[in-house]
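# Architecture and fold: a report
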Amino acid sequence: MTGQILIAQFRRDIGDVSSTVDERQIRQKSHDFHWYSPVLTPQLQNCMADVVVQPRSEEEIAAVIAAAVKYRIPITVRGGGTGNYGQSVPLKGGVLVDMTGFNKIMAVEPGIVRTQAGATIGGALEAALATGQQLMMYPSTLTSATVGGYLGGGFAGIGSVRHGIIRESGMIQSLKIMTIEETPRILTLSGSDVGFVFHSWGTTGIILETQLKLVPAETWIDCIATFPTYGDVIAFGNAAFASDLDMFLLSAVERRFAPYYKRLSQYFDGNRDAMFSMVKESDVDRYFALAATFNGHRSMAVSEAESNAAKLRRIHTTAFNHTTLMALQVDRAWTYLQVVMPNPYEPKLVEEQMRRFGDEVLMHHEYTKEKGRCRIGGLPLIRYTTEQRLNEIMRSFEADGCVLNNPHIFKLEDGGRFDPEGRKMAFRASVDPLGLLNPGKLRSVS
Ligand SMILES: Cc1cc2nc3c(=O)[nH]c(=O)nc-3n(C[C@H](O)[C@H](O)C(O)COP(=O)(O)OP(=O)(O)OC[C@H]3O[C@@H](n4cnc5c(N)ncnc54)[C@H](O)[C@@H]3O)c2cc1C
């Protein structure tokens, strides 16, 4: 917590920049989707900023940083607040910088969109589509997540089966960031240097602007294929990934998820397991022909217009952590895990895991690409009882050769995706020498 007098001095220094100390607004902006985790909730629920600011220009962001540095006040940056691990929760109070007021789509050119960091991903996608282009990928939270938040906290998304995970997709062309110094500097990063800031959970400079690569827009059809067993779904997923089918999403869920898919219940009724996909219009028939070779039925194939007219749920809002959200909206006793499956992932392993865990675990897998190979990320639902049991389930997946990216942690290094060579850490120190940015998120920085 920062003292009230210091906060008052800080607010005086930032002049006209919008700021509030209203308790309700502070509480709302100090939390994200860490409530998915019954382990994180008690640890983070009382963490609160002392003041929330909403800058609208580069100059205002610089004024906020300069004043915070002058008074040594911690700074936590927030986009849409859809992160799952308390990424934008201010562990040590201080200033919460809400970036959503800094939200212009600056330019759309052939192959490129330039945005301010607080623009929503959905806004960037819409602007690209208006020029016959599209983003390479996006999170299922695209209407509320910001571009800066996705690059600061995200990992993959809808489109990653086609273009790979964000880190290696080439999607981030360049980033403009501001340093955390009394006289803030602006740096432009490109090439592999964007990796210093990507997925650093807001600990490494404030992203001001992004330049993202665009690809030609395609017409994607929302498809559901259903199968007699979940092993068949996985066998089909493996074959579809290895084929030349053009797909933007390949998301497998078992039949016990059906009660959570109300607006698609006529196509996914709980009698069969399912693959939810976005398939290029010209490949839809071949997609279902391949599914048929694994006992798959064509259950649904609708265009965006048909889906909207029938008031169906769009497929991209059923995938990744939206699958988890749909279940949690009905039953808060669920939580989840993030598990990378062994490659190749044999259908008999998932069937064995389903037998082993019974009603305690429901299976959901997202197909993505990493280093050109299939990367199957499991986001299984877990019926939560105790932290000890949750840990036992994790160890059981690991014994099968799976790799855990534990979502029940709030230290960046513990997620298993951080900087083994220390280059990120060295860069971080150079742009935030006092360690004021999102303090407490890095185990290696107090
Ligand atoms: C229902 C649901 C579905 C999801 N689906 C996906 C998915 O498909 N793929 C995926 O990767 N993630 C997914 N996520 C996680 C989350 O949506 C993504 O991490 C994301 O896009 C966050 O954007 P945001 O604007 O909400 O960021 P926030 O939650 O506000 O912030 C995320 C992190 O980025 C930092 N940050 C924010 N803005 C800046 C900035 N301008 N400069 C520097 N750092 C900044 C924050 O400090 C924080 O550490 C999902 C989450 C939910 C709840």
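Residues numbered from 1 in each chain as written. Predicted model: local features only at pLDDT ≥ 70, side-chain atom pairs only at ≥ 80, totals over all residues. Heavy atoms only, no water.

### Here's the deal with the overall build of the protein
Test applied: For the purposes of this entry, the term helix denotes a DSSP run of H or I that reaches at least four residues, the term strand denotes a run of E that reaches at least two, and both are numbered from the N terminus. Think of it in three bands: residues with accessible area under 20% of the maximum for their type are buried, residues over 50% are exposed, and the middle band is partly exposed, with areas taken using a 1.4 Å probe on protein chains only. Throughout, a residue-residue contact means that at least one pair of heavy atoms, one from each residue, lies within 4.5 Å. Areas reported here follow the Shrake-Rupley algorithm with a probe of radius 1.4 Å; residue values treat only the protein chains shown as occluding.
Secondary structure summary: the protein contains 15 helices and 21 strands in total. The principal-axis extent of the C-alpha atoms belonging to the protein is close to 70 × 50 × 40 Å. Residue burial in the protein is summarised as follows: out of 446 residues, 60% are buried. Looking at the protein alone, contacts between residues at least 24 apart form 73% of all its contacts between residues at least 6 apart. For the protein, the exposed surface amounts to about 17,300 Å²; the carbon and sulfur share of it is 50%.

### Digging into the packing of helix α13 (residues 347-357) against helix α14 (residues 387-399)
The following threshold applies: Inter-axis angles, ranging from 0 to 180 degrees, are taken between N-to-C directions of lines fitted to C-alpha atoms, where helices are fitted over the stretch in contact. Oblique is the label for any angle not under 35 degrees, not over 145, and not in the 65 to 115 range, which are roughly parallel, roughly antiparallel and roughly perpendicular in turn. By convention the crossing between two helices is left-handed if the near helix lies anticlockwise of the far one by an angle smaller than a right angle, and right-handed if it lies clockwise.
Taken N-terminus to C-terminus, the directions of α13 and α14 make an angle of 155°; their axes are 12 Å apart at the nearest point. Looking at the two axes, α13 sits roughly antiparallel to α14. Classified by chirality, the crossing of α14 by α13 is right-handed. Here Gln353, Arg356 and Phe357 of α13 come into contact with α14, specifically with Arg389, Ile393, Ser396 and Phe397.

### As for the site of the ligand
Threshold: We call a residue near a molecule or strand when any one of its heavy atoms sits within 4 Å of it. Distance and chemistry together define a polar contact, namely a pair of N or O atoms within 3.5 Å, with one atom able to donate a hydrogen and the other to accept it when in protein, and with adjacent residues in sequence counting only for side-chain atoms on both sides.
Close contacts around the ligand come from 38 residues, with Val77, Gly79, Gly80, Thr82 and Thr146 the closest. A distance of 2.8 Å separates an oxygen atom of the ligand from a polar backbone atom of Gly83. Contact distances for the ligand include 2.8 Å between a nitrogen atom and a backbone N or O atom of Ile207. Relative to its free-state accessible area of 970 Å², the ligand is covered by the protein chains to the extent of 97%.

### Here we look at the sheet that holds strand β18 (residues 364-370)
Which entries qualify depends on this criterion: Strand pairing follows a simple DSSP-based rule, namely that at least 2 bridges must link the two strands.
Across the sheet, 8 strands lie side by side as β14-β11-β13-β12-β18-β19-β16-β21; this open sheet has antiparallel pairing. Among the strands making up the open sheet, the edge pair consists of β14 (297-302) and β21 (403-404). Where strand β11 (residues 220-227) and β14 come together, 5 bridges link them in antiparallel fashion. Within β14, the residue paired with Ala225 across the bridge is Arg298.

### Regarding the side chain of Thr146
On the secondary structure map, Thr146 appears in the loop between β7 (133-135) and α6 (147-153). Not counting residues within four places of it along the chain, the set of residues in contact with Thr146 comprises Gly79, Gly80, Thr100, Ala117, Gly118, Ala119, Thr120 and Ile121.

### Remarks on the state of the cysteines
What counts, and what does not: In this description, the term disulfide denotes a pair of cysteine sulfurs within 2.5 Å.
The final tally for this structure, using the stated rule, is 0 disulfides. Cys402 forms no disulfide, and the closest cysteine sulfur to it belongs to Cys374, at a distance of 13 Å.

### Concerning the sheet that holds strand β20 (residues 381-383)
Spatial ordering of the open sheet is given by β15-β20-β17, a layout of 3 strands whose pairing is antiparallel. The sheet terminates laterally at β15 (334-336) and β17 (361-362), the two strands that pair on one side only. Judged from the 2 bridges that link them, β17 and β20 form a sheet pairing that is antiparallel. Of the residues in β20, the one forming a bridge with Leu362 is Leu381. Running at roughly 165° to β15, helix α12 (residues 321-330) makes contact with β15 and β20 of the sheet.

### A word on the nonpolar core
Among soluble globular proteins, nonpolar side chains are generally buried collectively. As a reminder, the rule being used: Residue types Ala, Val, Leu, Ile, Met, Phe, Trp, Tyr and Cys, when buried and joined through side-chain atoms within 4.5 Å, form a set referred to as a nonpolar core.
Within the largest apolar cluster, 102 residues are counted, with the highest numbers of intra-cluster contacts made by Phe10, Val95, Leu135, Tyr138, Leu151, Tyr261 and Phe276. Discounting chain neighbours no more than four positions away, the residues touching Leu151 are Ile166, Met171, Ile172, Leu175, Val197, Phe198, His199, Ile207, Thr210 and Leu212. The next biggest cluster of nonpolar side chains, apart from the first, holds 42 residues, and it includes Cys223, Val339, Tyr367 and Ile393.

### A word on the pattern of salt bridges
Using the following cut-off: The working definition used for a salt bridge is a side-chain nitrogen of Lys or Arg within 4 Å of a carboxyl oxygen of Asp or Glu.
Using the criterion set out here, one finds 28 salt bridges in the structure. Linked through salt bridges whose partners overlap, the residues forming this network are Arg162, Glu218, Asp246 and Lys280.

### A word on the pairing of strand β19 (residues 373-378)
Of all 6 residues making up β19, 5 are buried, and the element is well covered by its neighbours. Here strand β16 (residues 339-340) runs beside β19; their pairing, made up of 2 bridges, is antiparallel. Bridge pairing in β19 places Val339 opposite Gly378. Hairpin connection of β18 to β19: 2 residues between the antiparallel strands, including Lys371 at a positive phi of 50°.

### Section: unusual backbone geometry
For the bond running from Asn343 to Pro344, omega is 0°, close enough to zero to count as cis. Along the chain, Pro344 falls in the loop between β16 and α13. At Asn295, a position not held by glycine, the phi torsion is positive, near 70°. We classify Asn295 as partly exposed; its relative accessible area is 46%. The backbone of Lys371 sits at a positive phi, close to 50°, despite the residue not being glycine. By the secondary structure assignment, Lys371 is in the loop between β18 and β19. Here Lys371 falls in the exposed class, since its relative accessible area comes to 67%.

These figures come from the coordinates and say nothing about function on their own.
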